[in-house]
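# Per-entry structural report
One-letter residues, chain by chain:
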Number of protein chains: 2
Amino acid sequence: MTSRRPTIGVFDSGFGGLTVLKALLEVIPEADYLYFGDTARLPYGSKSVQTVARYAVEAAHFLEAHRAELIVIACNTATALALNQITGAAHVPVIGVVEPGAEAAASVSKTRKVVVIGTEATVCSHAYQKALEAKGLHAREKACPLLVPLVEEGWVNHAVTEQVARIYLEEAFADGFRDADTLVLGCTHYPLLKPMLRRVSPAHVSIVDSAESTARAVAERLGNLVPRVASEERRAKARVGFFVTDSVEKFQRLGQTFLRRPLANVQHVDLKE
Amino acid sequence: MTSRRPTIGVFDSGFGGLTVLKALLEVIPEADYLYFGDTARLPYGSKSVQTVARYAVEAAHFLEAHRAELIVIACNTATALALNQITGAAHVPVIGVVEPGAEAAASVSKTRKVVVIGTEATVCSHAYQKALEAKGLHAREKACPLLVPLVEEGWVNHAVTEQVARIYLEEAFADGFRDADTLVLGCTHYPLLKPMLRRVSPAHVSIVDSAESTARAVAERLGNLVPRVASEERRAKARVGFFVTDSVEKFQRLGQTFLRRPLANVQHVDLKE
């Protein structure tokens, strides 16, 4: 990595990774970004290890071929199921969202008991549990498969979504985890539900957003090699290119909810299938 | 088609088509079946025409290569978006679910006003609207993107699902469609919600299940060419082979909810991607 503007590749199954890109743009405005959303094959959250690994490695190769110098796996499911395969297949550094999320949880939890919510595949992989137990924490992982479709339906502040979230969190913060004091948002869609999750979580619980902690981990990795002049001027200059495997129009429409700004420069790509 | 047992290929993006297979096994027990579920790339309901057409044509070719003599597109989205492309690419007869559903609606509706519920992609294609208008009916199409994930979460009898269905149907049976008297289930997941949809629909409404009407259309197409000895003995003999692009275990687990019997003979396949 040199002192010129680095190009960071950001990969997600679809839209959720845009919450990570948003955090990256805030924390590292001095970089340029390539975002790859595998929208034709989303969601990954209900799929098997083999399938997710194959898709994720293809995406990493695509980003490398477009000169990404560091790849952020902005998808909890892909990180949880396939980080090792992606790291093994890539020729540039790869950073996932699980380890930064687990580190942030370890730094805030006092009771050493943490609840992690995510997709079915992320939970089944126990990637968060392993990362948290390695830091001496106890983890309960809870799959919340309805939250992604509810966010994508735009029901971010809807009574139904609040009811669903309440059901999931009551099941999670129960029995041995009544005194868990940290909730990790183990899916990049969930930051959009943060105000609601705050309301339905027990009052003593801190919420850890993997998007923010991942952006900080990337900044640390880039270290002093990048000129850190986080002025508005530099921020305005960050170039972002988007590549998606399904409809460009739909990505632009849904994507701005996640990124909180219009998405220009979106191209459709076919992978080699 | 000869008087020996025909092999019928059934294609769906995942699990929902099993409700069509179930209806086919009841109406035509004298055939053998190959079921292709593109579970690695599901759901189709939120994807674009180009992507769905490409996937569906690949699936049709796969079924032909495995000696299917007639192909049933047991997926409303694939039928709505890509029936012409599939029919053009296939060398055997192709039957979709939209036309049989529309025909059944035309035969029961007295007010000539019909509500169709389906995925976002099916609704955007207006395939049902066109088919119904061609028969002189007025149609209101309503996308219900949360119903599929709710069914796949297993919340078939859950209060949340009933609340979601009520919201969708109240929006659909409003204004000029208060006197609509027919509800078409334009997605193969929805038959699992039929008792609940019955409860939340206006009392005067008839429910049309495309799965059943499609099975009858296939039987008509096969006509007298197939020995129609619908005895228990023949029914027991129907051979069904399943091919899926994602996890076999998950397909067997979730699939039996749809088919209402255990799924044996499931193989994993990779398409050419």
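The shown structure was predicted, so the numbers you read here are calculated from the model rather than taken from an experiment. (Residues numbered from 1 in each chain as written. Chains lettered and ligands numbered in written order. Predicted model: local features only at pLDDT ≥ 70, side-chain atom pairs only at ≥ 80, totals over all residues.)

Residues and elements named next belong to chain A. With respect to burial, strand β1 (residues 7-12) is a largely interior element, five of its six residues being buried. Across six bridges, β1 lies against strand β2 (residues 32-37) in parallel orientation. When the bridges of β2 are listed, Thr 7 appears paired with Asp 32. Between the parallel elements β1 and β2, the chain passes through helix α1 (residues 17-27) in a crossover that is right-handed. As judged from the four bridges shared by β1 and strand β3 (residues 70-73), these two strands associate in the parallel manner. Of the residues in β3, the one forming a bridge with Phe 11 is Ile 73. (Buried ≥ 20, exposed ≤ 12 C-beta atoms within 10 Å, placed from the backbone. Helix = DSSP H or I, 4+ residues; strand = E, 2+ residues; numbered from the N terminus. Pairing = 2+ DSSP bridges. Right-handed = clockwise from strand over helix to strand, strands pointing away.)

Let's shift gears to the relation of the copies chain B and chain A. Superposing the two chain copies requires a rotation about an axis and a translation along that axis. Least-squares fitting of chain B to chain A yields an RMSD of 0.0 Å, with the transformation described by 0.0 Å of translation along the axis and a rotation of 180 degrees. Look at the turn and shift together and you get a two-fold axis relating the two. (Least-squares fit on C-alpha atoms with pLDDT ≥ 70 in both.)

Moving on: the confidence of the model for chain A. Looking at chain A, the pLDDT average stands at 93 and 93% of residues meet or exceed 70. Across the whole predicted complex the pTM is 0.90, and at the interface the ipTM reaches 0.86. (pLDDT = per-residue confidence, 0-100.)

Moving on: the environment of Val 114 of chain B. Residue and element names in this part refer to chain B. Position of Val 114 relative to the elements: it lies in strand β5 (residues 113-118). Under the C-beta neighbour-count criterion, Val 114 is labelled buried, with 29 such atoms within 10 Å. For the pair Val 114 and Phe 177, spaced 63 residues apart in sequence, the C-alpha separation works out to 7.8 Å. Excluding residues that lie within four positions of it along the chain, Val 114 makes contacts with Ala 105, Ser 109, Leu 132, Leu 137, Ala 139, Ala 180, Thr 182 and Val 184. (Contact = placed C-beta atoms within 7 Å.)

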